[in-house]
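The residues making up each chain are set out below.
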Amino acid sequence: MKFSYNWIREFVPGLTQAAAPLERLITMKTAECEGIEEEGALLAIARVARVEAVEPIADSHNVKALIDAGALGRKTVVCGAKNCRPGILTAYAPIGKKIVSGVESDGILASGAELGVNKDHEGIVELADVEVGEPLPRCEPDAAIEIDNKSITHRPDLWGHHGMAREVAAILGLPLTDPAKLELLPKGEAAIKVQIEDLSLCPRYSALVFENVTVQSSPLWLQYRLTSIGLNPINNIVDMTNFVMAELAQPMHAFDADLLHGDTIFVRPAKAGEQFTALNDEEYTLEANNLVIADASGAIALAGVIGGKGSAISEKTTRVVLESANFQASSVRKTSAGIKLRTDASMRFEKAQDPANTVRGLARAIELLREVSPGIRLVGGVADVRKEAVPPPPIELPLAWLQRKLGRAIEAGEVRRILESLAFGVSEPQPGVFSVTVPSWRATKDVSIKDDLVEEVGRMIGYDSIAPVAPLVPASVPPANPSRRFQHDVRNLFVDNGFTEVYNYSFLSEESVRAFGFDPAEHIRVTNPIASDQELMRASLLPGVWRNVTENAKHRESFRLFEIGLEIHRLPEGLPNEVPHLVAAYYDRSGDGQAGLFELKRMAECLLPEAQTVPAAAREFEHTARAGEIRVGGQVVGRLFELHPRLVETGRAAILDLDLRLVEALSVGETKYTPIRRYPSSAFDLSVLAGLREQAGKLEAAIAGFGGPLLEKVEFVRQYAGPPLADGVKSVSYRVTVGSSERTLSSDEIAAIRNAIIEGMRGLGYELRV
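Residues numbered from 1 in each chain as written. Predicted model: local features only at pLDDT ≥ 70, side-chain atom pairs only at ≥ 80, totals over all residues. Heavy atoms only, no water.

A.B. asks: Kindly report on the layout of surface pockets, identifying the contributing residues and their values.
C.D. replies: Approximately 1,700 Å³ is the volume found for the largest pocket. Around the largest pocket, the lining comprises 43 residues; the ones closest to its centre are Phe598, Lys601, Gln695, Ala696 and Gly697. Every element with two or more residues in the lining of the largest pocket is listed here: α16 (594-607), β28 (612-615), β29 (622-632), β30 (635-643), α18 (696-706) and β33 (711-720). Split into classes, the residues belonging to the lining of the largest pocket amount to 21 nonpolar, eight polar and 14 charged. Approximately 770 Å³ is the volume found for the second largest pocket. Lining of the second largest pocket is provided by 31 residues; of these, Val238, Asn242, His253, Leu279 and Ile306 occupy positions nearest its centre. Secondary-structure elements contributing two or more residues to the lining of the second largest pocket are α6 (236-248), β11 (252-256), β16 (298-302), β17 (306-307) and α8 (344-349). The greatest single-element share of the lining of the second largest pocket, amounting to four residues, is contributed by α6. (1 Å grid on protein atoms, 1.4 Å probe; cavity = no way out; pocket = protein on both sides within 12 Å on 5 of 7 lines; lining within 4 Å. Points joined across faces, edges and corners; volume = space filled by probe spheres on them. Helix = DSSP H or I, 4+ residues; strand = E, 2+ residues; numbered from the N terminus. Nonpolar A, V, L, I, M, F, W, Y, C, P; charged D, E, K, R; others polar.)

Set out below in structure tokens:
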């Protein structure tokens, strides 16, 4: 969220700190700032100028304009704007001379986009009622301070400039001005009636009626204010509502009064299936838990989210009903999530806004509308229906307890000054104990207990002023967690072998679930998903890792990655079953994919030396000829496969999926010491000729079966297919190691073992290259 430095300075007149040091102070004492963006830099040199004459330039769409820039003198400027004409008052920026279309141009006539006051780049700005040679009125270079939204989710008052200015004034010990003049609110009977069906969903609804309204473009200063904080200017009426929202954190909405039916505004739950067309031209089918603003004919706005198209402000509008309301935070959040639409208004209402702010917003709107729509008139008094709010009880704050909590001494007067600068009421009913009343804008789920007040004092004195001291509490070693230790070791093993760990959300979209042939109905559905594509709890890590593979494959030739996480499986009753899994992926854009499969097979054997890879029927997301099970002692602990080509556009991706619960159980066992052999082992290579589809593991098992008791191990070395071998035949090479713990084998014994293997394999129908 962006905050205008100039806007804050209007409420804190004594502010002298520049934007950069102010940003640092705000970060240390209030909310995390993410940076500063300079706005309207060209306004520092721009001046009002009058175009006196315009001449066409041959063979060019540009024109040569002679302008009067006051004290800057008369200038010749080349301009390509269609609205450049004699007599127009516009903005001139002396940025230097340049040859344009064969004519020397001394500076430029600027568009709103070039000045930064709006996003209009179609023509030069048009001004009125201004003096030639003067700066653009109420437009000067600004700095937008970017604040992380997550750091102010608990502070509804900080979603407006006045709330942030209050913080700045308290930090610097400066006075704060209030833009809302409640004395402007009219007395008497309201021109519009309001009925609220459930005051818990709408604690307050305030409204005013205006007539003799002129809808037109906003003054340039107003457009600039909104643009500098990321809001788009629309027209003077809508811009005014956005201005109040950005200033006081009070969302507002304007209805065209002549498009409303009846004389009453109804605040009610929507009817199931009720249709609503919003300002964004989208049509929504509402549910009974959506709160709507309605007239006699139906819904005219979704409460706290968006207005309706049927009552929108247009150039024909002459009468306006101005809404300033307060809605239950959870109701707005559910509606916003339900229709998958978050607006600037809904983001503020979700934070539990102050009901007292509605009439403050109207008072500020009256003052602004008289400026941006000259001749506008109020009709009747304020319509104000509200739930009587019980003020929160005072919080008792013992100063000795406060100092103990803070970890440092602080004078009672300093505590009082800090709290009062933040608009808390402070009294001292007994020595050493303050009674603190909470302002209404901090009482909505923010400050309610004395610990909250400790935070207020602590952040204002600066946490860096508190000496860090380790807590004097007994320390003990936590109970051992074997599963955590095991997963940590697995993680280190894969990292040491060049794999990168990834972390994915535990939520999946229906689309990704269906891509793997899984049934979304078997997944647990999230009631309030954080995003539209994260509505299901994951029952497999595969969709998430698949997304990692497809995204990284766009930028890398090859990579290897893994994730350790929980699969969440629905049970008929009770809580779901959470199963820890590891999914590793090996991607290579070139090659036949064998390297990835062998590497992941090796990793499985590093975890479980007894693991065997056994071919298995492929599932629909697995390569039809490259799918197998990882077994240990006949028990399946995972799968090794290549992703089906339909899931990977280019290259090949091998996947290892292991049930870590089973792997851990099988890894627990006694480790027996085996002494180092006193006698050397001997090895020889054998190459078996077999069909291309023959499994190397089957051949290895056959060789081991003929090796006898002196066989130590059989290792796969390589395989080859091609000339001079016949078509459909491959040569698979193995290294056979033999030895004895009692003696060194003689050459005759080694030859006998070798011959036994060769004869045995030939007996099975295999030829060997010897």
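A.B. asks: Can you tell me about the sheet that holds strand β32 (residues 682-691), naming the residues and giving the values?
C.D. replies: Strand order in the open sheet formed by four strands is β33-β34-β32-β35, with antiparallel pairing between adjacent strands. A single partner strand is all that each edge strand has here, and the edge strands are β33 and β35 (767-769). Strand-to-strand, the axes of this sheet are offset by a mean angle of 30°, without reference to chain direction. The pairing of β32 with strand β34 (residues 729-738) spans 10 bridges and is classified as antiparallel. Its bridge partner being in β34, Gly691 is matched across the sheet by Val729. In the packing of α18 onto the sheet, the strands contacted are β32, β33 and β34, and the crossing angle to β34 comes to about 40°. (Pairing = 2+ DSSP bridges. Axes fitted to C-alpha atoms, helices over the stretch in contact; angles between N-to-C directions. Contact = heavy atoms within 4.5 Å.)

A.B. asks: An account of the nonpolar core is needed here, citing residue identities and associated values.
C.D. replies: Leu115, Leu136, Ile147 and Leu322 are the most contacted members of the largest nonpolar core, which totals 73 residues. Examining the composition of this core, we find that eight residues originate from one element, helix α9 (residues 357-372), more than from any other. Excluding anything up to four places from it in sequence, Leu322 contacts Ser206, Ala207, Leu208, Phe210, Met240, Thr241, Met252, His253, Ala254, Leu362, Ala365 and Leu369. Among the nonpolar cores identified, the runner-up in size contains 37 residues, and Ile192, Ala207, Phe255 and Leu341 belong to it. (Core = buried A, V, L, I, M, F, W, Y, C linked by side-chain atoms within 4.5 Å. Buried < 20%, exposed > 50% of the residue type's maximum accessible area, 1.4 Å probe, protein only.)

A.B. asks: Explain the packing of helix α13 (residues 482-496) against helix α17 (residues 660-667) residue by residue, including any values.
C.D. replies: α17 packs onto α13 with a crossing angle of 100° between their chain directions and a minimal axis gap of 11 Å. One finds that α13 runs roughly perpendicular with respect to α17. The segment α13 lies against α17, with Pro482, Ser483, Phe486 and Gln487 engaging Leu660, Val663, Glu664 and Ser667. Its residues placed into classes, the contact of α13 with α17 shows four nonpolar, three polar and one charged. (Parallel < 35°, antiparallel > 145°, perpendicular 65-115°, else oblique.)

A.B. asks: Tell me about the packing of aromatic side chains, residues and numbers included.
C.D. replies: One pass over the structure, following the stated rule, counts 13 aromatic pairs. Taken together, a centroid distance of 5.2 Å and an interplanar angle of 75° make the contact between Phe494 and Phe499 edge-to-face. As far as burial versus exposure is concerned, Phe494 and Phe499 are alike and both buried. Geometrically, the ring pair formed by Phe598 and Phe716 is stacked, given 5.6 Å between the ring centres and 15° between the ring planes. (Phe/Tyr/Trp six-rings, centres within 6.5 Å; stacked < 30°, edge-to-face > 60°.)

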